[in-house]
Amino acid sequence: MAAMTRGWLVKSEPGAYSYDDLERDGRTMWDGVRNYQARNFMRDEMRVGEPVLFYHSNVGEPAVVGVARVASEAYADPTQFDPDDPHFDPKSRPDTPRWTLVDLEPLARLARPVTLAELRDDPTLEGLLLTRRGNRLSVMPVEPEHLRRVIELGGLDPEAL
DNA sequence: GCCAACGTTGGC
DNA sequence: GCCAACGTTGGC
């Protein structure tokens, strides 16, 4: 991957959707995001092909476990229109959808997970949004140098991706 | 299960 | 526009 490639990080509870699930599915809609800042990143800034760190949250050892890639432009999240879906939004209308998503595809599983503790401790990763106090975003941008560093810590060669 | 931090909602 | 109440996130 090019030196100045910008990236992203998404959080997922592996019990709900894990990197294994993404590999099994081959591609998925990153649905259910109901935070405006996270939505805006997907809607306005994500570009097809950009790498996405896949982070497992709310588990014994929270960690980045793999790298996905953005696989589509943004489009309306269909779950907002489904009354039976937990992410149903009665205030959203099909002609003016409130929530958008992108598709993700698996790119590479890390050789070893990079734990939250490692992310916090690595001086190179100072300023990473994920570890900023109080941050609760489920979709966030990652600086090029941080992206490369996490991939290296995960035992992969960023050049090879 | 606890709780700190933060976003959203809605009354005023 | 303020702000209290409430819900959610997510580490621990």
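Up top is the structure these notes are about.
Residues numbered from 1 in each chain as written. Chains lettered and ligands numbered in written order. Predicted model: local features only at pLDDT ≥ 70, side-chain atom pairs only at ≥ 80, totals over all residues. Heavy atoms only, no water.

A. Summary view of the side chain of Gln-80. By secondary structure assignment, the location of Gln-80 is in the loop between β5 (75–76) and β6 (100–101). A residue is classified by how much of its surface remains accessible, and Gln-80, at 0% relative accessible area, is buried. (Helix = DSSP H or I, 4+ residues; strand = E, 2+ residues; numbered from the N terminus. Buried < 20%, exposed > 50% of the residue type's maximum accessible area, 1.4 Å probe, protein only.)

B. A look at the protein's contact with DNA strand B. Every residue lining DNA strand B is accounted for by Tyr-36, Lys-91, Arg-133, Gly-134 and Arg-136. Each atom of DNA strand B within 4 Å of the protein belongs either to a base or to sugar and phosphate, the latter forming 64%. Residue Arg-133 places a side-chain N or O atom 3.4 Å away from a phosphate oxygen belonging to DNA strand B. Within the side chain of Arg-136, an N or O atom sits 2.2 Å from a base oxygen of DNA strand B. Grouping the constituent residues of the surface near DNA strand B by class yields one nonpolar, one polar and three charged. (Near = heavy atom within 4 Å. Polar contact = N/O pair within 3.5 Å; in protein donor to acceptor, adjacent residues only side chain to side chain. Nonpolar A, V, L, I, M, F, W, Y, C, P; charged D, E, K, R; others polar.)

C. Here's a closer look at the pairing of strand β4 (residues 63–70). For β4, a buried count of seven out of eight residues is recorded, marking the element as mostly surrounded by other parts of the structure. Of the pairings in the sheet, the one linking strand β3 (residues 51–56) to β4 comprises six bridges and is antiparallel in character. Bridge pairing in β4 places Val-52 opposite Ala-68. (Pairing = 2+ DSSP bridges.)

D. Region of the structure containing the sheet that holds strand β2 (residues 28–29). Within the open sheet, the six strands sit side by side as β2-β7-β4-β3-β1-β8. Their pairing is mixed. Of all strands in the sheet, those bounded by a partner on one side alone are β2 and β8 (139–142). Of the strands in this sheet, β1 (7–12) and β8 touch helix α2 (residues 36–45), which is tilted by about 60° from β8. (Contact = heavy atoms within 4.5 Å. Axes fitted to C-alpha atoms, helices over the stretch in contact; angles between N-to-C directions.)

E. Broad picture of the pattern of salt bridges. For the structure shown, the criterion picks out 16 salt bridges. We note a salt bridge from Arg-24 to Asp-21, for which the minimum N-O separation is 3.0 Å. Taken together, the residues span about one helical turn, with Arg-24 and Asp-21 both in helix α1 (residues 19–25) at a distance of three residues. One connected set of salt bridges, linked through shared partners, spans Arg-27, Arg-69, Asp-103 and Glu-105. (Salt bridge = Lys/Arg side-chain N within 4 Å of Asp/Glu carboxyl O.)

F. Structural view of the protein's contact with DNA strand C. Taken together, Lys-11, Tyr-55, Ser-57, Asn-58, Pro-62, Leu-116, Arg-120, Arg-136 and Leu-137 are the residues near DNA strand C. Backbone atoms, meaning sugar and phosphate, form 71% of the atoms of DNA strand C found within 4 Å of the protein. Here a phosphate oxygen of DNA strand C sits 2.7 Å away from a polar atom, N or O, in the side chain of Tyr-55. The separation between a phosphate oxygen of DNA strand C and a polar side-chain atom of Arg-120 is 3.2 Å. The class makeup of the residues in the surface near DNA strand C is four nonpolar, two polar and three charged.

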